Structures are given as structure tokens and as C-alpha cells.
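Examining the three-dimensional arrangement
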Amino acid sequence: MTTTTKVNGAAKPKTSDKVPVADKIPVAAHPLAEDPAAIASNIKYHAQYSPHFSPVKFEPEQAYYAAAKSVRDRLIQQWNETYLHYHKVDPKQTYYLSMEFLQGRALTNAIGNLDIQDAYSSALNKLGHELEEITEQEKDMALGNGGLGRLASCFLDSMATLNLPAWGYGLRYRYGLFKQRITKAGQEELAEDWLEKFSPWEVVRHDVVFPVRFFGHVEVLPTGSRKWVGGEVLQALAYDIPIPGFKTKNTNSLRLWEAKASAQDFNLFQFNDGQYQSAAELHARAAQICAVLYPGDATEEGKLLRLKQQFFLCSASLQDIISRFKERKDGTGAREWSEFPSKVAVQLNDTHPTLAIPELMRLLMDEEGLGWDEAWDVTSKTIAYTNHTVLPEALEKWSQVVMSKLLPRHMEIIEEIDKRFIAMIKSTRPDLESKISDIRILDHNPNKPVVRMANLCVVSGHTVNGVAQLHSDILKAELFADYVSIWPTKFQNKTNGITPRRWLKFCSPELSLIITKWLKTDKWVTNLDLLVGLREFVDNPELQAEWDSAKMANKQRLVQYISRVTGESIDPNSLFDIQVKRIHEYKRQLLNILGAVYRYKKLKEMSPVERKATTPRTIMIGGKAFATYTNAKRIVKLVNDVGAVVNTDPEVNEYLKVVFVPNYNVSVAEVLIPGSELSQHISTAGMEASGTSNMKFALNGCLIIGTLDGANVEIREEVGEENFFLFGATADQVPKLRKDRENGLFKPDPRYEEAKQFIRSKAFGSYDYEPLLDSLEGNSGYGRGDYFLVGHDFPTYIDTQAKVDEAYKDRKRWIKMSILSTAGSGKFSSDRTISQYAKEIWNIEECPVP
């Protein structure tokens, strides 16, 4: 087996001295190999005996798949041991239901958590390859989009690392959300291709298949019980992905469901009659369910498909959970259903899996024969709900008409829950009777009757949690205030966290080694609070020099990446200022780019001598705009148009560059975050539930410019107010500021008007930005009146950016602030978050594999 390079289109062997060594390595299966020679043999074995390519090839792509299969051997051994151990011990287990899991690449994470990076690096060298080049071959799993999905993935990592018996449940989206391409017209959406070949990490479980029904009707049996029949029935097939913990044998599962129709659903008669489409109609409908994450819901068909996806996830997962519960019997035979909540905890990650509530009720009553009261007792003790937003449009409301048509039995159950909740309020809380229409589950607005999913979660679940202290306080004081008066102990805060393995140890190895050296231990990787120990060395010039050098190495890596994907050359000595997240008006990328426009205009007005005195800055913005979110797509276009002008302006481009980073995902974040020095978390106060990228940046020694929103509040407390660049209105001021705006009391800052006018002057091309700028104008009206307070916060934003420029000139001060940022990030480990969920919500305990 030799590696080849192409010269003028023809393949020639590399002259590297590694090639003969690769040929000498025997082909042999060593699934649990630990030394590099045996690992190299096992990789060769998979290239030869688990082939997916022509036998003559062993280029980086083939080497990646063979190496992944080799790592998977080790994972499968641990996976099986974990599964058998949980089966034997029979602990209470958590099942985490989420429409999104943003996993990122698995190879680096797996060899890092298994602590075999060096062995695999050496083994691949023997085969003529570099580990870094091989890991680059892997496509990110396209199973999520933003913070919701990445949080779920960090949680899975922490559950395994903490030896907690827990499963993730999601859907196996073939084409993801979309792959973003930037053209002159702006953002283009293409289908993700992560499954174009195959994923070496997933294992299909052909014995784990459950029927999932849609449509049909409800039959009343002679006994009085009810049964959902008819309609269409698809099959849910399980694909499992191993989730290894860090330096532990425990390897948990992420179970993804694929929708299938069976062979008997294929109408051979119709096909032979030339009716090809109708012959395979059910197969086509099955393929739609797991085709795309968040299909457009502007049409009735789109809404129906989204609801189908949500129910498919809930039904398959709950049938699986119940079957696992039933297969465990004690000496006296079948288990009592009253035991179910002592063995099963179900966590709903936002409102998308809300249908788990009526589906668990249906399964218990209609399939298992429980009465309402017993089924309700089990359901309400099993299910807990995490709220991720206070934005009204993100609190899901489903049409009662659509729900009744697609899920007739579930609509009956929801109506009964609603009826019983109202009766309870009337009998125990007559003071709340006037509020019933707001807090009940069904909104019977004659124009648009809907099911309010968040209300269903709060009424039915045993615990509701927010994801940052400010967010949880807002939930209790505003959104769910009436429910708090009914169930004061139901509401908790669980501040989000991130895994320090992926987000520091693996993505910033130089900085990690420095931290380990100065703390004299690497235990910080699983006990992030130890980072506080860096504070005692913060003034040490040796640490400062090493820190500066590690940050520069990460910046250089980012310079190369930006050059490769955008063709833009950026100066590693400029201040790297980064904002990467979903493009949304409340996240205020528009405020960022207006600030960049103002900065550019001021630089143009300066003399060459004045420019030399400024702080050179590279502003990088990245993120996907949802395909049908017009203003978000206009913001993407504006960032690119501003960059096209600024970056080619010879007077200014030494002092300012504006770069849009395309197709932002986990792997891109792993390069951007370690290389950042300033990051922008500038949402309108009170609108970001938590944010988790702010934690990743802070952990990597990046300073934050931000508002008092989400987890920014807690980050500022932990890293120190003097190490956080704060600006903008506070959450409690926002309602009054909006009211003032409506009443015509807003007086815009001249600098703000100047920036908008500069865009209107066509300085950045002929594209019509009027509809986007219009959202900032007027005092009220749909899509107008600057709902997100860009105009109000602009002056303090510009003033604070000037403070950033000054601080960056004092290198010693900046590095000290950077070290203190990392030192204050201990609280934001997902290990801490998950420990709190385990103790305070799920009531589960660690179950380490011996």
C-alpha cells in the first residue's frame, strides 16, 4: 500500500521514506490495539477487509475511513461493556430528546477522549499520513444548527465522562439544515453531504424498529377504551453513534431514528403498470421525514412535515424506552408501571419534543391498559422540560386543525389535560380564573385555534428549567409567573455549560499544555474550577510570554484557514474580532456591521498619520441565516458587500478588514474560537436565553464585548467586571425604551445616522438595503420601530469599542485580561451543568463500568 501524489494529473509515488515502511506493516485485525504498530496493522486491515473504495487507493480519504473504523473497534468494545453493565445494574437512566445534535467531527474527539492521539498519530505516520490531514477528511455530522444542538452534544460528552447512564435521542437528517455558499447575490443554501458516502461512526440496529402512525381515526372499543387505527404507518429504524467519555470506559449512545416504509408498502402492480410514483408513495413520504432539519414551514405541507418529524422522534423514542423498561423483570414477573419514573427520566430539550407527553399517555393507556390517573401520575413524574427562549415566535404553537388531522388521539389527550387543568384552577385557585385563557394549553381563538406547546410542557412536567440565571429569573417573573404561583418548586435554573475537552484541550493544544504546566496538573480537563489557580501567576512575565505565543499560534492557524476558504489575507498582528452565531435580528449582527461601517468611514476621513495611530482590526462574522428569513439574509449580504469594499481599499485595508466566514459549523468554530481575541455577544438584553459560544470564547482567553444578556451576566461576574467590555440597555430597561420609541421620544445619535446614511449612499454597491434599514426606522409598525434597540445601543457600543482599541495597545494588560478570562471560566463546564441536572432534576447516579 503506497500513498500517491498527482503530478500533472498523473499519479506518482511519493518519494517519502515512509512509503516502504507502510508496505512492510502487516495487515492484521487488532481491534483493541494500543501501540502504534498494531494500530497501523488494524487500519490496514480495515482498508483491505472493510473496503468502501477500490483496493489500489490509500489516499487521505481512504485513510480517514479506515482509521475511523479502527477507532470504532475500540469504541464498540467499550460500548458493549457499558450496555451490559447498565443492563445488569439496572440504574435509573436519562433519555435526552432533542431535534438537534450538533456533534462536529468524531475522530479527533474519540481519540482524544480515549487518550490515544499520540498512538494514532504515530500509526498514521507509519502509513505515510499525518493525523491533522486525515482528521480534515471528516465531514461534520449535519444533525443540528445552533446553540440548542451544540448544547445537547456537550451534554452527551459530559454524561459519558461523568459515567451517567444516559441516552440521546434524535433524528438522522440526511441533508441537515443546509450548507452555506456565499456568492455575489448573498447566501445560497445547498444540501449537506455528510451521508453522501457513509458515516463510519453509526451502527444500524436492524432489530430496533418501531411502527409510527400518522392520520387515521380513534375507535371506541366495547370496553370503553380507545384505540388509534388506520392512516399510514411508517417504521422507525435505529442508528446508534457511540459517545465516549473522557478517560473512562463508559461509552453511551446517541440513537438516531430513520424513517422507512417496508417492502409490502411497495405496490408492484402499480409499478408494473407504469404508475411509478404512486407505487412508492409511502417510501417517498418516509424519505421526507428525515430529509432536512427544520423544513420551511411557510406552507401547510411544511407545517405538517415539521409536526410529523417531532412526533416521529417522540413516538419511536418512547416505544424504545418502554420496551427497555419491560424487558427488565424482577423475580415475580413483569414490572409495576408505578416503578417507571424511578427507572426513567425523560428530558425535553425545548418544546420540539413536547408530543412525548400525549404519546406517553397514549402508550400507557391504549397499549398497556392503564387508567388516566395512573398514566398521568407516571407521565408527570417522568418528563421534565428545558425552556430555551422567551421569544414569542419560538414558543411553538400548533394549529388544532393540523394536530387533530395528523394525531387525532393525541388531540383528544391534550384536550383532556387542558380540561383537567382548568378544573384544578377553578377548584384550588379561584384568584386565577381571569387568567385561565392565558395559562391553559388550548388557545381557542376563533381565527386561529392553537395548541400552546410550552404551556403543555409546564402543566405536565415535574420540572421546568431555564438555561442562565437571568433567563430563569425572566421565566419566573414574566413568561411563567402564574404557573410559579401554582407550583413554586417546579422551576429551576441550570446555567448552560460547554465541554472543556472539545472546546479547549483538543482545539487549542498549545494553550492546554501551558495551563497544565502552570497548574502542575491536567485534572482541570474534568474539574474546570481548577482554572482559578491561574490567577496567582497572572503577573508572571514567563506565563504572559507563553500565553501570548500560544494565542499567536492559534491566530496563525486561523490566518491560513481564512486564506483557504475566502482567499482573503488577514494580518495576524491585528485585533481579531469575531462574531459567529445564527444570523438573527435579536443577535444584532446588524449592530456589528453598522459599527464596522462607521469605523471604515472614520478611517477614510483620517490622514495617513492618524490612521497609523489606530488599532488595526480584523472583523470576522459567520453564521447561517434561515432560508426564509429575508432580513437575516440581507444582513449576510451587507457584511459581504462591506467586506468587498473595505478589503480592497488600499488606504484602509492595513487598518481594517471585514470578513464573512462561510458555512459556520463546529469544525469552523474549533479554528475561529482559539484564534479570537475579542468576541461580540451583543444581543438585545433579555432576549438571549444563555448563549454558549460566549463561554467557549471566554474559556479560550478571548475577551467579550457584550450586553447584560443571557450567560454574559454570569461570565462577567466570574471573569471580573474590569475584564469584560460592557455596553447597552439592561433587560429591565428594554420595555420602557420600546414604549418611549413608540411615543416618538427616541433621539438618534448622529454617528448612528451617519453609518446608515453611508450605506444608503451606495458606498457598498447598488443592492437595495432600504428594506433592511427600514426595520430601524419609524416608531412602530410590523418590521419597523427598531424592536431590537440597535439605535439606542449604538452610541455606547461605539464608545466601548474605542475602549477595546485602547486596551489592545497595552499588550501586557491585554494578555493579563486574557489569562483572567480563562481563569474565570471554570463555572461554565457542562460537567457542572449535567451534575446539577442529574442530582436536582433526574435523580440519577453515576454507574461506572468496572
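Structure's up top.
Below, the structure is looked at part by part. (Residues numbered from 1 in each chain as written. Predicted model: local features only at pLDDT ≥ 70, side-chain atom pairs only at ≥ 80, totals over all residues. Heavy atoms only, no water.)

1. Examining the sheet that holds strand S23 (residues 703–706)
Overall, parallel pairing links the six strands, which are arranged S21-S20-S19-S22-S23-S24 in an open sheet. Edge positions in the sheet fall to strand S21 (656–661) and strand S24 (724–726), since each of these pairs with one other strand and no more. This sheet shows a mean twist of 20° between the axes of neighbouring strands, independent of strand direction. Note that strand S19 (residues 575–580) and strand S22 (residues 678–681) share two bridges and pair parallel. By the bridge assignment for S22, Asp577 is matched with Leu678. Against the sheet, helix H23 (residues 541–566) contacts S19, strand S20 (617–622) and S21, and its axis sits at roughly 65° relative to S21. Contacts from helix H24 (residues 589–605) reach S19, S20, S21 and S22 within the one sheet, and its direction differs from that of S21 by about 155°. (Pairing = 2+ DSSP bridges. Helix = DSSP H or I, 4+ residues; strand = E, 2+ residues; numbered from the N terminus. Axes fitted to C-alpha atoms, helices over the stretch in contact; angles between N-to-C directions. Contact = heavy atoms within 4.5 Å.)

2. Thoughts on the nonpolar core
Counting residues in each nonpolar core, the largest one holds 152 residues, and the members touching the most others are Ile43, Trp201, Trp257, Phe312, Met403 and Trp842. With 12 residues, the single largest contributor to this core is helix H11 (residues 300–327). Of all hydrophobic cores here, the second largest spans 56 residues; its members include Ala550, Tyr664, Val668 and Leu699. (Core = buried A, V, L, I, M, F, W, Y, C linked by side-chain atoms within 4.5 Å. Buried < 20%, exposed > 50% of the residue type's maximum accessible area, 1.4 Å probe, protein only.)

3. Considerations on the packing of helix H13 (residues 356–367) against helix H14 (residues 372–382)
Working note: a packed helix pair is described by the angle between its axes plus the distance between those axes. Axis separation between H13 and H14 bottoms out at 9 Å; the angle between their running directions is 140°. Here H13 is positioned oblique relative to H14, judged by the angle of their axes. Considering only the axes of H13 and H14, their crossing is right-handed. Of H14, the residues touching H13 (which contributes Ile357, Leu360, Met361, Leu364 and Met365) are Trp372, Ala375, Trp376, Val378, Thr379 and Thr382. Each residue belonging to the contact of H13 with H14 can be placed in one class, and the counts come to nine nonpolar, two polar and no charged. (Parallel < 35°, antiparallel > 145°, perpendicular 65-115°, else oblique. Left-handed = near helix turned anticlockwise from the far one by under 90°. Nonpolar A, V, L, I, M, F, W, Y, C, P; charged D, E, K, R; others polar.)

4. Section: the packing of aromatic side chains
The full count for this structure, using the stated rule, is 36 aromatic pairs. A centroid spacing of 5.4 Å and a plane angle of 45° characterise the contact between Phe266 and Phe271, whose relative ring orientation is tilted. Chaining the aromatic ring pairs together yields one cluster made of Tyr83, Tyr95, Trp167, Tyr169, Phe210 and Trp257. Between the NZ or CZ atom of Arg205 and the centre of the ring of Trp79, over which it lies, the distance is 4.9 Å. (Phe/Tyr/Trp six-rings, centres within 6.5 Å; stacked < 30°, edge-to-face > 60°. Lys NZ or Arg CZ within 6 Å of the ring centre and 35° of its normal.)

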